[in-house]
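Results of the structural survey
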Amino acid sequence: KAGVTQTPRYLIKTRGQQVTLSCSPISGHRSVSWYQQTPGQGLQFLFEYFSETQRNKGNFPGRFSGRQFSNSRSEMNVSTLELGDSALYLCASSLVGGQTSFGYTFGSGTRLTVV
Amino acid sequence: TQLLEQSPQFLSIQEGENLTVYCNSSSVFSSLQWYRQEPGEGPVLLVTVVTGGEVKKLKRLTFQFGDARKDSSLHITAAQPGDTGLYLCAGFQRGNEKLTFGTGTRLTIIP
C-alpha cells in the first residue's frame, strides 16, 4: 500500500510570507500528526488531527495551524514566516493515533527554508 | 527541559563492534517506541514496548523497557554500515496522547 506522501519535498520562502504543506496519510488511517524537526530542538509536536478535528496541540504560536479533510488528507499552514521556522516538517499517519497506535508511519518530510 | 534524554548524543564505531544506546526519563511512560531516521527521510518505526521489563529482539537489535517504565535501551550486536542513522526513542505518557521524542543518538558505523 502507498506510504505517507508529503508535498512539496523542498520549499524556499521569504520572511513574512505564508506557506501551506500537504500530507496524504496511508489509506484507512484517520490520524495525522505534524512534527517540526530542527538540529537544535529535535522533533517537536505541532498538532494531531483525527476525523477532521484537532485532537491535540503542541506549544507553537498561533502562526502554525492545520486542518484535516474528510478523506483524511491534512494541511498545515505557517503564516508570517520567520527565519527560525526553517526546519524539516514531518507528517505521521496512524490508524487511530494516540497511545493505542503502537506506532506511526512518517512521510519523508518537507524541507522548508526561510530566507 | 527535555523529557526523554538519549545518550550518547553521537557514536562512531567500527563495523563488527557492539553498542548500546540509552533513553532516560524521570517520568513514567505507558509505551515507548524506537525509530531510525536516515538523512532526508522521515523516522521509521523499529519497535514498540509496552510492559515494564519487556525485551524485544529484531535480528541484531535488542530493545529493553525498564522495569519502572522510565527508561529504555537499544543494543546492537556486530554493527554494520547499514545501521548508520539517527536513533530516536519516543514515548506516550498516560493521559497524554502526544508522542514525545527523545534528543536522538546519531550513530555512524565505519566499514
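None of these values were measured; they are calculated from a predicted model.

Analysis parameters
Residues numbered from 1 in each chain as written. Chains lettered and ligands numbered in written order. Predicted model: local features only at pLDDT ≥ 70, side-chain atom pairs only at ≥ 80, totals over all residues. Heavy atoms only, no water. Disulfide = S-S within 2.5 Å. Helix = DSSP H or I, 4+ residues; strand = E, 2+ residues; numbered from the N terminus. Buried < 20%, exposed > 50% of the residue type's maximum accessible area, 1.4 Å probe, protein only. Contact = heavy atoms within 4.5 Å. Pairing = 2+ DSSP bridges. Axes fitted to C-alpha atoms, helices over the stretch in contact; angles between N-to-C directions. Salt bridge = Lys/Arg side-chain N within 4 Å of Asp/Glu carboxyl O. Polar contact = N/O pair within 3.5 Å; in protein donor to acceptor, adjacent residues only side chain to side chain.

**Some words on the state of the cysteines**
With the rule as written, the count across this model stands at 2 disulfides over all chains. Disulfide pairing places C23 of chain A opposite C91 of chain A at an S-S distance of 1.7 Å. Measuring handedness by torsion sign, the sulfur bridge of C23 of chain A and C91 of chain A sits at about -50 degrees and is left-handed. Here C23 of chain A is found in strand β3 (residues 19–24), whereas its partner C91 of chain A is found in strand β9 (residues 87–94), with 68 residues between them in sequence. With relative accessibility at 0%, the residue C91 of chain A sits in the buried group. Linked covalently through their sulfurs, C23 of chain B and C89 of chain B form a disulfide whose S-S length is 2.1 Å. In this structure the cystine formed by C23 of chain B and C89 of chain B twists about its S-S bond by roughly 80 degrees; its chirality is therefore right-handed. Taken together, the residues span a long stretch of sequence, with C23 of chain B in strand β3 (residues 19–24) and C89 of chain B in strand β9 (residues 85–93) at a distance of 66 residues.

**Quick look at the environment of I76 of chain B**
All names here are of chain B. Along the polypeptide, I76 turns up in strand β8 (residues 71–76). As a C-alpha pair, I76 and S26 span 50 residues in sequence and 25 Å in three-dimensional space. Excluding residues that lie within four positions of it along the chain, I76 makes contacts with E17, N18, L19, R60, L61, D83, Y87 and L107.

**So, the sheet that holds strand β1 (residues 5–7) of chain B**
All names here are of chain B. Here 5 strands make up an open sheet; going across it, the order is β1-β3-β8-β7-β6 and the pairing antiparallel. The open sheet has two edge strands with one neighbour each: β1 and β6 (55–58). Across the sheet, the mean angle separating the axes of adjacent strands is 15 degrees when strand polarity is ignored. Strand direction decides the pairing type here: β3 and β8, joined by 6 bridges, are antiparallel. Paired with T20 across the bridge in β8 is H75.

**Remarks on the sheet that holds strand β1 (residues 5–7) of chain A**
All names here are of chain A. As summarised here, the arrangement of the 4 strands in space is β1-β3-β8-β7, forming an open sheet in which the pairing is antiparallel. Among the strands making up the open sheet, the edge pair consists of β1 and β7 (64–68). Across the sheet, the axes of successive neighbouring strands diverge by a mean angle of 15 degrees, strand direction being ignored. Here 5 bridges tie β7 to strand β8 (residues 74–78), and the two strands are oriented antiparallel to one another.

**Side note on the pattern of salt bridges**
Residues and elements named next belong to chain A. Using the criterion set out here, one finds 7 salt bridges over all chains in the structure. Among the salt bridges present, the one from R63 reaches D85, with a minimum N-O distance of 2.8 Å. Taken as a pair, R63 in the loop between β6 (53–57) and β7 and D85 in the loop between β8 and β9 lie far apart in primary sequence, 22 residues in all. According to the relative accessible area criterion, R63 is buried, its value standing at 16%. R73 serves as the salt-bridge partner of E75, at 3.3 Å between the closest nitrogen and oxygen. The exposure class of E75 is buried, given its relative accessible area of 15%. Taken together, the shared-partner salt bridges connect R63, E82 and D85 into one network.

**A look at the interface of chain A and chain B**
The interface of chain A with chain B comprises 19 residues on the first partner and 23 residues on the second. Across the chain A-chain B interface, the total number found is 0 salt bridges. Seen at the junction of chain A and chain B, the total is 6 residue pairs in polar contact (both at pLDDT 80 or more). Those elements that provide at least two residues to the side of chain A that touches chain B are β4 (31–38), β5 (42–50), β6 and β9 of chain A. Looking at which element gives the most residues to the side of chain A that touches chain B, the answer is β5 of chain A, with 3 residues.

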